[in-house]
Amino acid sequence: MNTAGRTVQTGHHGLDLKPFRGVRYVPERVGSLAAVTSPPYDVVVRPDGLLHLESADPFNIVRLILPQATDPGTRNAQAAATLRHWLSEGVLAPDPEPALYVYEQRGGDLLQRGVIGALHLSEAAEGVVLPHEGVMPHVVEDRAGVMRATEANLEPLLLTYRGDGNGAGDATGTAAVIERTVQDPPLLSTTTEDGYSHRLWAVTDPAEVARVHADLASHQALIADGHHRWATYLRLRTEHPPSVSSPWDYGLVLLVDTARYPLRVRAIHRLLNRLPLDEALAGVEGSFRVREVRGPLPRAMDALARAAADGNAFLLAGGATDTYHLLDRPDPALLARTIRADRPEAWRTLDATVLHGTLLGHVWGIAEDSPADVTYIHDAQATVDKARRDGGTAVLMHPVHEDVVRDLARQGVTMPRKSTSFGPKPATGLVLRTLTDD
């Protein structure tokens, strides 16, 4: 099996991507498209980032993806009522006909293009869409509540596949459709505060849609970002009776051919909310080599990268001073006792494996799926700032290489949850999919 590549397992179909009636903001009804967009729900740093986005525009998409109330039922009902209100008032409106959407992001020297559509759902065992990380049940429950109440896919997942080419020469199949489409004026164009520009086009020509469908039918995809939302799609599908073309059999995705447009892979950091830094350091004494590293943060992250080149390494931060603590060279006997032996070597030597199995599970005695104890944050500086402000410990990680991710997915081995952060991620709020209209 060529994971996320050309060949699909015998007896399995490939990717089945279909057009949908995209729901988009009406520009005249909002301050700006940039002001109503948001990063994906799990990238928003709460509460600071959430409050910033809510104040950016009264119609910011976070009011749908992260509604604020005291209990889940109220939050979900609030999201549903908000969506209905925005649709009835013309803040959001469906496009006139079903389409696939070409999406482009630019930032610095990075250019990413892909196609957004409704993808037929499949289990991992079918070998069509492959996960590489496990999920946390409480997060799936949270996302299911919002999707169930709103009857909508509010933000696209990021999936990758490997096209026929390597980015050179003439494009074919889906790539050719994308390159032709971007020559036309876009439906929308905006630049978000992170400096990325975003453009979106609708592909409605039946011949072009058919070319994309035929090309993707012989490919597999890897979930780059959105494991919990994909698991939520699958869960909600089981709650609805099967039919010939149920909208619950499909989920909103962005597919990117990484042979043409390679993604960046970054780490996801951990904030240990109830473990002070001095206790964290006391716990690892004798199990890891511990060295003090002076700030600022970029300097400390460089030290982490050098140490990670030789084995497992982590950077701890907290307290009041701009000082970091580099953990490396774990005790081999401790690893042998705390890391599962029935997994491939590439899995057993992952930093996330050692963090979850050895440090969290054994040294510090912390449950990785406890939201009260562990918060997952994509931005290193935000993780450090919260640890210093709240008295916890930031555990900063070094990213894993994309080839390792693909190789483990090919073997059907999932990495520890929140092991990677692929990007750039699609902006939330540029196009939604309501299941009642699809």
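Residues numbered from 1 in each chain as written. Predicted model: local features only at pLDDT ≥ 70, side-chain atom pairs only at ≥ 80, totals over all residues. Heavy atoms only, no water.

### Concerning the sheet that holds strand 18 (residues 374-377)
What counts here: In this scheme, strands are said to pair when DSSP sees at least two bridges between them. Helical segments are the DSSP runs of H or I of at least four residues, strand segments are the runs of E of at least two, and each set is numbered from the N terminus. Each axis is a line fitted through C-alpha atoms, and for a helix only the stretch in contact is used; angles between axes span 0 to 180 degrees, taken between their N-to-C directions. Residue contacts are defined here by distance: any two heavy atoms, one from each residue, within 4.5 Å place the two residues in contact.
Pairing is antiparallel in the open sheet, where 6 strands are placed in the order 15-17-16-19-14-18. Because the sheet does not close on itself, it has two edges, and the strands there are strand 15 (289-294) and strand 18. Looking at each pair of strands side by side, their axes are set apart by 25° on average, direction ignored. Both strand 15 and strand 17 (residues 323-328) contribute to a ladder of 6 bridges, which runs antiparallel. Residue pairing across strands places V293 opposite Y324, the latter belonging to strand 17. On the sheet, helix 9 (residues 277-284) packs against strand 15, strand 16 (313-317), strand 17 and strand 19 (393-396) and is oriented at approximately 150° with respect to strand 16. Lying over the sheet, helix 14 (residues 380-390) contacts strand 14 (269-272), strand 16, strand 17, strand 18 and strand 19, oriented at roughly 160° with respect to strand 19.

### Side note on the confidence of the model for the chain
What counts is decided by this rule: A residue's pLDDT is simply how confident the predictor is in it, with values from 0 to 100.
In this model, the chain carries a mean pLDDT of 90, and residues with pLDDT of at least 70 account for 93%. Low pLDDT (under 50) marks residues 1-12, which in the prediction has 41 contacts with non-local residues, meaning those over four places away or in another chain.

### A few points about the nonpolar core
Rules: In plain words, nonpolar cores are sets of buried Ala, Val, Leu, Ile, Met, Phe, Trp, Tyr and Cys residues tied together by side-chain atoms within 4.5 Å. Remark: exposure states derive from per-residue accessible area (1.4 Å probe, protein chains only) relative to the maximum for the residue type, with buried under 20%, exposed over 50%, and partly exposed in between.
Judged by nonpolar contacts, the single largest core of 114 residues is most densely connected at Y25, W230, L255 and W364. The biggest single contributor to this core is helix 13 (residues 351-364), with 7 residues. Those residues within four positions of Y25 in sequence are excluded, and the remaining contacts are V30, L33, V36, F59, N60, I61, W86, V91, L92 and G429. The next biggest cluster of nonpolar side chains, apart from the first, holds 20 residues, and it includes L297, L304, L315 and A387.

### Describing helix 6 (residues 173-181)
A large share of helix 6 lies buried, amounting to 7 of its 9 residues. Where helix 6 is concerned, the buried positions are T174, A175, A176, V177, I178, E179 and T181.

### Some words on unusual backbone geometry
For the peptide bond that leads from G295 to P296, omega is 5°, which places it in the cis range. Here P296 lies in the loop between strand 15 and helix 10 (297-308). Residue P424 follows G423 across a cis peptide bond; omega there is 5°. With a phi angle near 50°, E151 is a residue other than glycine that sits in the positive phi range. Within the secondary structure layout, E151 lies in the loop between helix 5 (137-150) and strand 7 (152-153). Using a relative accessible area of 35% as the deciding quantity, one classes E151 as partly exposed. Non-glycine residue K418 carries a positive phi angle of around 55°.

### Quick word on the pattern of salt bridges
How we decide: A carboxyl oxygen of Asp or Glu within 4 Å of a side-chain nitrogen of Lys or Arg is what we treat as a salt bridge.
Scanning the entire structure with this criterion turns up 25 salt bridges. The shortest N-O distance in the salt bridge between R229 and E155 comes to 3.8 Å. Of this pair, R229 sits in helix 8 (residues 227-238) while E155 sits in the loop between strand 7 and strand 8 (157-161), and the two are 74 residues apart along the sequence. Look at R229 and you get buried, because its relative accessible area is 2%. A salt bridge links E345 to R348, with the shortest nitrogen-to-oxygen separation between them at 2.8 Å.

### Observations concerning the side chain of D373
Rules: A 3.5 Å cut-off defines polar contacts: any pair of N or O atoms within that distance qualifies, except that in protein one atom must be a possible hydrogen donor and the other a possible acceptor, and neighbouring residues in sequence count only when both atoms are side-chain atoms.
Mapped onto the elements, D373 comes out in the loop between helix 13 and strand 18. Reaching out from D373, the side chain makes a polar contact with the side chain of S370 at a distance of 2.8 Å. Among residues more than four places away in sequence, those in contact with D373 are L271, L272, N273, R274, I366 and A367.

### A closer look at the side chain of N76
If you trace the backbone, N76 turns up in helix 4 (residues 72-88). Taking the relative accessible area as the measure of exposure, N76 reaches 13% and is therefore buried. Discounting residues that sit within four places of it in the chain, N76 has contacts with G145, V146 and A149.

### As for helix 15 (residues 402-410)
Applicable threshold: An arc is given here, and it is the one of the directions from the helix axis to the C-beta atoms.
Of all the positions in helix 15, only E402, V405, R406, L408 and A409 are classed as buried. Viewed along the axis of helix 15, the buried residues span an arc of 165°, placing them on a single side of the element. Each element contacted by the buried residues of helix 15 is listed here: strand 6 (129-130), strand 8, strand 11 (221-225), strand 13 (264-266), helix 12 (345-348) and strand 20 (421-423). Just past helix 15, the residue G412 takes up positive phi, approximately 75°.

### Re the packing of helix 9 against helix 13
What counts is decided by this rule: The labels follow the angle: roughly parallel below 35 degrees, roughly antiparallel above 145, roughly perpendicular from 65 to 115, and oblique for the rest. Residue polarity follows a fixed list, in which Ala, Val, Leu, Ile, Met, Phe, Trp, Tyr, Cys and Pro are nonpolar, Asp, Glu, Lys and Arg are charged, and the others, Gly among them, are polar.
At a minimum axis distance of 10 Å, the contact between helix 9 and helix 13 shows a crossing angle of 95°. Between helix 9 and helix 13, the crossing angle belongs to the class labelled roughly perpendicular. In contact with E279, A280, G283 and V284 of helix 9, helix 13 contributes L359, V363 and W364. Residue classes in the contact of helix 9 with helix 13 are distributed as 5 nonpolar, 1 polar and 1 charged.

### Things to note about the environment of H138
Note that H138 resides in helix 5. Under the relative-accessibility criterion, H138 is labelled partly exposed at 36%. Along the chain, H138 and L408 lie 270 residues apart, while their C-alpha atoms are 25 Å from each other. Not counting residues up to four positions away in its chain, the partners in contact with H138 are D369 and P371.

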